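# Understanding the architecture of this molecule
Okay, here's what each chain looks like letter by letter:
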Amino acid sequence: MKKWIVMLCILPILSSCGTQQELNDMSIVIGIGMDEAGDGYQVTLQLVDPSEISTGAGMSPGGKAVPVINMVGDGPSINEAFQAAVSKISRRTFYSHLSVVVIGESMAKRGINEIIEHLERGSEIRSSLLLLTAKDQTALEVLSALPPLTKVPALSAIGKLENNMENYGTVTKVNIVDWAKANDRKGTYAVMPGIFNHGDPKVFTKQENLEQSEPFSTAVGYTAIFGKDSKLLYWIGPEETKAMLILQNQIRRTFVNAPCDHEHISYELPFSKSYTDVSVKDGKAKIRIRVHTRSELYSLGCMKKEKLTEEMIRDLERRMTSKLKTEIERTIQIAQNHHSDIFGFGQTLASQDKKKWKEIEDHWDQFFQEAEISVDVSTELLRGGVVESHM
């Protein structure tokens, strides 16, 4: 009896050791890059060694400075490109921790349908898998840049997306489920956040880069707009992305900078709410947009030496609403010029008037391009922020 008790006590220990040994025999894929290779594909698998990132800083004590390695494979098909990359790896590849897929710009222009379908069929792929497009470069170049702070390039990209969304709202975040939903809806164009190397490409792939006080790194920004054939159509910038997210009610926090002589008055927007009404009458779409925000003064610019009266506060509100209105109208005009509803106005019509939407859904791009659009912006300027003592 005692013998059985001893064996039962030892089993958990043996099981733990066995699991640890299995983990050390795995290659954990944390990021994937997809690029063109002639008429075929180039796959980059970013592997992370768990023994090298056991601490919060991204490295284990005494470990090597770079805890990741990129394995690259080319092939005429996606599957063959993956096979070529995996053939260089001595451990079994493990995809359940895959967090991000970066798609090179030339690959995005060619079309990414096959890439998405390949990812969706992966049994280990999580629905939270994030998608990014490399702006003006390849996915391999982005995944080869050694970032400061977070030592794993793929995880660094995710952190930058979250930080920007939380504080500035000039970049969006799209996972594989978001992409599939947007790409399947008629009248809606799928988008993807951009990422690019900010700095000298001869430097940011080397360990010496991390030893500088101002290291080069990747940066997130811009938004890639894709057509219904899943091909990259065009890019919009950070300010246009912010306007798009405001109209989609996806903004968390952002800033608006209004000109003031040769300076700027900065407003923090901790709250915004957009209301949209879409109708089609006499063969023409009419889109009415109302945006209400609450704003706080962040920087007074040319007015920093003046005493803020009620009249000046009303003037500050007018400046802010005018600048935001201009940004929203400019963004809508860019989308109209490209016949691409990136805001979801078509889906708004579908929910407000299903019968009318059924009649025109196949021609919504043309209706959107010629739509009569009005934008009204209002703000409630809160007596707070960093300039409260002057008010």
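With an unreviewed UniProt entry as reference, the protein is termed Ger(X)C family spore germination protein, source organism Metabacillus sediminis. In its Subcellular location (unreviewed entry) section, the UniProt entry covering the protein states "Membrane". Under the UniProt heading Sequence similarities (unreviewed entry), the entry covering the protein gives this text: "Belongs to the GerABKC lipoprotein family."

## Considering the packing of aromatic side chains
For the structure shown, the criterion picks out 8 aromatic pairs. Considering the side-chain rings of Phe255 and Tyr298, the 4.9 Å spacing of their centres and the 75° angle between planes classify their relative orientation as edge-to-face. In this pair, Phe255 sits in strand 10 (residues 254-260) while Tyr298 sits in strand 12 (residues 284-299), placing the two residues 43 residues apart along the sequence. Overall, the relative accessible area of 39% leaves Tyr298 in the partly exposed class. Taken together through their ring pairs, the aromatic side chains of Tyr168, Phe255 and Tyr298 make up a single cluster. The aromatic ring of Tyr189 is capped on one face by Lys228, whose charged end is 5.8 Å from the ring centroid. Taking NZ or CZ as reference, Lys273 lies 6.0 Å from the ring centre of Tyr275, over its face.

## Here we look at the sheet that holds strand 13 (residues 372-382)
Judged by pairing direction, the sheet is mixed, and its 4 strands sit side by side in the order 10-11-12-13 without closing on themselves. Across the chains shown, the open sheet's two edge strands, defined by having one partner strand only, are strand 10 and strand 13. For this sheet the average axis-to-axis angle between neighbouring strands, irrespective of direction, equals 35°. Alignment of strand 10 against strand 11 (residues 263-281), held across 7 bridges, turns out to be antiparallel. By the bridge assignment for strand 11, Ala258 is matched with Ile265. Along the sheet, helix 9 (residues 310-337) makes contact with strand 10, strand 11, strand 12 and strand 13, crossing strand 13 at roughly 150°.

## What to know about the layout of surface pockets
In this structure, the largest pocket occupies an estimated 490 Å³ of space. Taken together, 24 residues make up the lining of the largest pocket; nearest its centre are Arg185, Gln248, Gln250, Ile342 and Phe343. Taken together, the elements giving at least two residues each to the lining of the largest pocket come down to helix 7 (176-184), strand 11 and helix 10 (345-352). The element best represented in the lining of the largest pocket is helix 7, accounting for 4 residues. Class assignment of the residues belonging to the lining of the largest pocket gives a composition of 10 nonpolar, 10 polar and 4 charged. Each pocket or cavity is described by its volume, and for the second largest pocket that value is around 240 Å³. Along the walls of the second largest pocket sit 13 residues, with Ser156, Gly159, Lys160, Asn163 and Val220 positioned nearest its centre. For the lining of the second largest pocket, the elements supplying multiple residues, two or more each, are helix 6 (153-167) and strand 8 (217-226). At 5 residues, the largest contribution of residues to the lining of the second largest pocket is made by helix 6.

About the cut-offs
- Residues numbered from 1 in each chain as written.
- Predicted model: local features only at pLDDT ≥ 70, side-chain atom pairs only at ≥ 80, totals over all residues.
- Heavy atoms only, no water.
- UniProt positions renumbered as here; feature names shortened; annotations may be inferred.
- Phe/Tyr/Trp six-rings, centres within 6.5 Å; stacked < 30°, edge-to-face > 60°.
- Helix = DSSP H or I, 4+ residues; strand = E, 2+ residues; numbered from the N terminus.
- Buried < 20%, exposed > 50% of the residue type's maximum accessible area, 1.4 Å probe, protein only.
- Lys NZ or Arg CZ within 6 Å of the ring centre and 35° of its normal.
- Pairing = 2+ DSSP bridges.
- Axes fitted to C-alpha atoms, helices over the stretch in contact; angles between N-to-C directions.
- Contact = heavy atoms within 4.5 Å.
- 1 Å grid on protein atoms, 1.4 Å probe; cavity = no way out; pocket = protein on both sides within 12 Å on 5 of 7 lines; lining within 4 Å.
- Points joined across faces, edges and corners; volume = space filled by probe spheres on them.
- Nonpolar A, V, L, I, M, F, W, Y, C, P; charged D, E, K, R; others polar.

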